[in-house]
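Summary of structural features
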Amino acid sequence: MLLTQQPLSAKLQVAGWDLTRGGLSKIEARLRRVNDAELLVLAKVLQCGVSDLYPGKPGDLAHLLRQSRG
């Protein structure tokens, strides 16, 4: 399923997460973090497991952690 920001934002709002397209853009740009409750809503709307939203390799995770410090 391919969703652009606007339809995904609308689906998230229907599911109970009041997130605008701009807020979604900030998440994609790594300017905003997603908390655990939001992660559950995102997985539900995308019809995937929470683990599917994380990098597949431990090395990828280390790279993301380094980026979040700067």
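Look a little higher up for the structure.
Note that the structure is a prediction, hence the values are computed from the model and not measured.

At a minimum axis distance of 10 Å, the contact between helix H1 (residues 5-14) and helix H3 (residues 36-46) shows a crossing angle of 115°. Classified by the angle between their axes, H1 and H3 sit roughly perpendicular to one another. Judged by the twist between their axes, the crossing of H1 over H3 is right-handed. In this structure, H1 uses Leu8, Lys11 and Leu12 to contact H3, whose residues at the interface are Val41, Leu42, Val45 and Leu46. Taken together, the residues that form the contact of H1 with H3 break down as six nonpolar, no polar and one charged.

Let's shift gears to unusual backbone geometry. When glycine is set aside, most residues are seen to have a negative phi, and most peptide bonds are trans. Non-glycine residue Arg30 carries a positive phi angle of around 60°. Here Arg30 is to be found in the loop between helix H2 (21-28) and H3. You can call Arg30 exposed: its relative accessible area is 55%.

Glancing now at the environment of Leu19. By the secondary structure assignment, Leu19 is in the loop between H1 and H2. Once the C-alpha coordinates of Leu19 and Leu8 are considered, the two residues, 11 residues apart in sequence, prove to be 9.4 Å apart. When neighbours within four sequence positions are excluded, Leu19 is seen to be in contact with Ser9, Leu12, Gln13, Leu24, Ile27 and Arg32.

A few words on H3. Those residues of H3 that sit buried are Glu38, Leu39, Val41, Leu42, Ala43 and Val45. One side-chain oxygen at the N-terminal end of H3 lies 3.0 Å from the backbone nitrogen of Ala37; it belongs to Asn35. Where H3 terminates, the next one or two residues include Gln47, which has phi positive at roughly 55°.

What counts and what doesn't
Here the residue numbers are simple positions, counted from 1 along each chain's written sequence. The predicted nature of this model means local features are confined to residues of pLDDT at least 70 and side-chain atom pairs, given and counted, to a pLDDT of 80 or more, with totals for whole chains, interfaces and linings taken over all residues. Values shown for side chains rest on all heavy atoms present in the structure; no hydrogens or waters enter the calculation. Axis definition: a line fitted to C-alpha atoms, over the contacting stretch in the case of helices. Angles run 0 to 180 degrees between N-to-C directions. Going along the chain from the N terminus, every DSSP run of H or I of four or more residues is numbered as a helix, and every run of E of two or more is numbered as a strand. Just so you know how the angles are binned, under 35 degrees is roughly parallel, over 145 roughly antiparallel, 65 to 115 roughly perpendicular, and the rest oblique. Each helix crossing is assigned a hand: it is left-handed if the near helix lies turned anticlockwise from the far helix by less than a right angle, otherwise right-handed if that turn is clockwise. Residues are treated as being in contact if the distance between any of their heavy atoms lies within 4.5 Å. For this classification, Asp, Glu, Lys and Arg are treated as charged, while Ala, Val, Leu, Ile, Met, Phe, Trp, Tyr, Cys and Pro are nonpolar and the rest, including Gly, are polar. Burial classes: relative accessible area under 20% of the type maximum marks a residue as buried, over 50% as exposed, and values in between as partly exposed (1.4 Å probe, protein chains only). Counted as a polar contact is a pair of N or O atoms within 3.5 Å, where, for protein atoms, one must be capable of donating a hydrogen and the other of accepting one, and residues adjacent in sequence contribute only when both atoms are in side chains.

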